[in-house]
Amino acid sequence: MALFPKYSKTREGQNVIAEQRLLKAVNNLILNAETCTGCGICVDACPEEAIVLGPVGATRRGAIDYADPVDVDPEKCSYCGVCVIMCPFNAMTLKIDGEERLPILEKEGFPQYDMVTVIDEEKCTRCTICEEVCPRDAIARDVPAFEGGDEAGKPRQSALQTKTTFTVDDEKCTYCGICGELCPSITVVRKPTSPETGKVEGEVLWEESTCDGCMICVEACPEEAITLEREFVSDRLPGKVDIQQDDCCTCRWCVETCPEEAITVEKIFEGEIEIYPEKCPGGCSTCVEVCPCNALYLPTPVPAKDLKGGSIEPNIAINKDFCIFCGACVNACPSEDAIVLKRTAIRMQDVDTDLFKDVKRKLLTTRTSKVKEATPGEVEIKILGEVQEA
């Protein structure tokens, strides 16, 4: 019996760790079962057929706990890292002797996705929309918190850069003290009174850093001795908004909802997807729950008076603007031919190896829903035909 290699599979929290222990090295392929969407791209990408599809719908909905969206055979796996490269959701990690590495990239043996995720800083107003709508939490909004959204946040008057000029007309000012009583930014300092002059004299001190330009002092001054002018140097919030590429799945929610058209994102997959409502089981909604891009939804029911004779009211619909053609819905749908997916292109960088050509051929194969659990923890889907090479 050979001492090496040794294989094992363990679980640490949400991570499933496949291990290959060699005489002088240890390889680990780590699947984050919580992040994994069950899209199955790793299944098609694996050159050793070491990854199989699990019961995606049941696992993602929490209906079962004996399986994960995909399953890795630690003995079949060559620990090449192709699945890590191709996973659109950053759910897999390859470690060699405890260090995250991808030797196949170092040797230029496989291409990477050609990711295009750009936010134009000149157009971006640092609003909160993209951060809110992103289904993958891929937006990094590094903007200070202000008092409107956080009680402990900065004062609102510090949000924009301003230049404020405060002027007191000494000939009109009586140093009555009203402005100082109203505003913490103003201090009225009176000189000691003397029977020799019989006058009230002093000065008005003003602190620009705490002034919010409310103009109360101007309006309240009984002598109209105060002039306050405020100029906005910048009309944008401080900070920066970025897209974290490792977490971005290129769904384009941020692009479609940005009010300033400040974001550019190119999808990594192109293709077509069709839903056939007459084959969709009513009341299921599995595809809606597993969709990692929030592209599928339950449409608002059509009023009975608007229904046309013989028509079938759709119980599932898709907004194709947000679909990245990942295939999670196909892999989860229990109904045959209810969803048909056909990828037509993959956005990759220039390196075009024989290995990638084989992976591409598999990924561009048209497929449809027909989930069948052949053995516990493993399912099959229906392939409609091999893609034809141009």
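Nothing here was measured: the structure is a model prediction, and the numbers come from that model.

Reading the values: the criteria
Residues numbered from 1 in each chain as written. Predicted model: local features only at pLDDT ≥ 70, side-chain atom pairs only at ≥ 80, totals over all residues. Heavy atoms only, no water. Helix = DSSP H or I, 4+ residues; strand = E, 2+ residues; numbered from the N terminus. Rg over C-alpha atoms; globule rule 2.2 N^0.38 Å. Buried < 20%, exposed > 50% of the residue type's maximum accessible area, 1.4 Å probe, protein only. Contact = heavy atoms within 4.5 Å. Areas by Shrake-Rupley, 256 points an atom, 1.4 Å probe, with all protein chains shown as cover. Lys, Arg positive; Asp, Glu negative; His and termini not counted. Charge placed at Lys NZ, Arg CZ, Asp CG, Glu CD. Core = buried A, V, L, I, M, F, W, Y, C linked by side-chain atoms within 4.5 Å. Arc of directions from axis to C-beta. Pairing = 2+ DSSP bridges.

*Asks:* Would you mind showing me how to read the overall build of the protein chain here?
*Replies:* Helix and strand content of the protein chain: eleven helices and 21 strands. The C-alpha atoms of the protein chain give 31 Å as radius of gyration, which overshoots the globular expectation for 390 residues (21 Å, by more than 25%). C-alpha extents for the protein chain along the principal axes are approximately 110 × 70 × 40 Å. Split into buried and exposed, the 390 residues of the protein chain put 40% on the buried side. Expressed as a percentage of contacts within the protein chain between residues at least 6 apart in sequence, the contacts between residues at least 24 apart total 66%. As displayed, the protein chain has an accessible area near 22200 Å², and 46% of this comes from carbon and sulfur atoms. Across the protein chain, the centroid of the 42 positively charged side chains sits 6 Å from that of the 69 negatively charged ones.

*Asks:* Explanation requested: the nonpolar core in the structure shown.
*Replies:* Side chains that are nonpolar tend, in soluble globular proteins, to be buried together. Counting 67 residues, the largest nonpolar core has L29, M86, M92 and I339 as its most contacted members. For this core, the leading source of residues is helix 3 (residues 82-86), giving five residues. Setting aside residues up to four positions removed in sequence, M86 forms contacts with I41, A45, F110, Y113, M348 and L363. Membership of the second largest hydrophobic core comes to 16 residues, among which are C130, C254, V255 and A262.

*Asks:* Help me understand helix 11 (residues 354-363) in this model?
*Replies:* The α-helix winds at 3.6 residues per turn, so residues separated by three or four positions along the chain end up facing the same way. Along helix 11, the positions that sit buried rather than exposed are F356, V359, K362 and L363. Along helix 11, the residues classed as buried sweep out an arc of 120° about the axis, all on the same side.

*Asks:* Help me understand the environment of F322, please; the structure alone is not making it clear to me.
*Replies:* Relative to the helices and strands, F322 resides in the loop between strand 18 (317-318) and helix 10 (328-332). Judged by its relative accessible area of 7%, F322 is buried. Aside from chain neighbours lying at most four places away, what touches F322 is C251, R252, W253, E256, K267, C293, N294 and A295.

*Asks:* Mind showing me how you'd approach the sheet that holds strand 2 (residues 15-21) here?
*Replies:* In sheet architecture, strand pairing relies on hydrogen bonds along the backbone and comes in two forms, parallel and antiparallel. A sheet is described by the order of its strands in space; here five strands give the open sequence 1-2-3-6-7, paired in antiparallel fashion. Where the open sheet ends on each side, the last strands, each with one partner, are strand 1 (6-12) and strand 7 (99-100). Pairing geometry for strand 6 (residues 92-96) and strand 7, over two bridges, is antiparallel. The residue of strand 7 that forms the bridge with I96 is E99.

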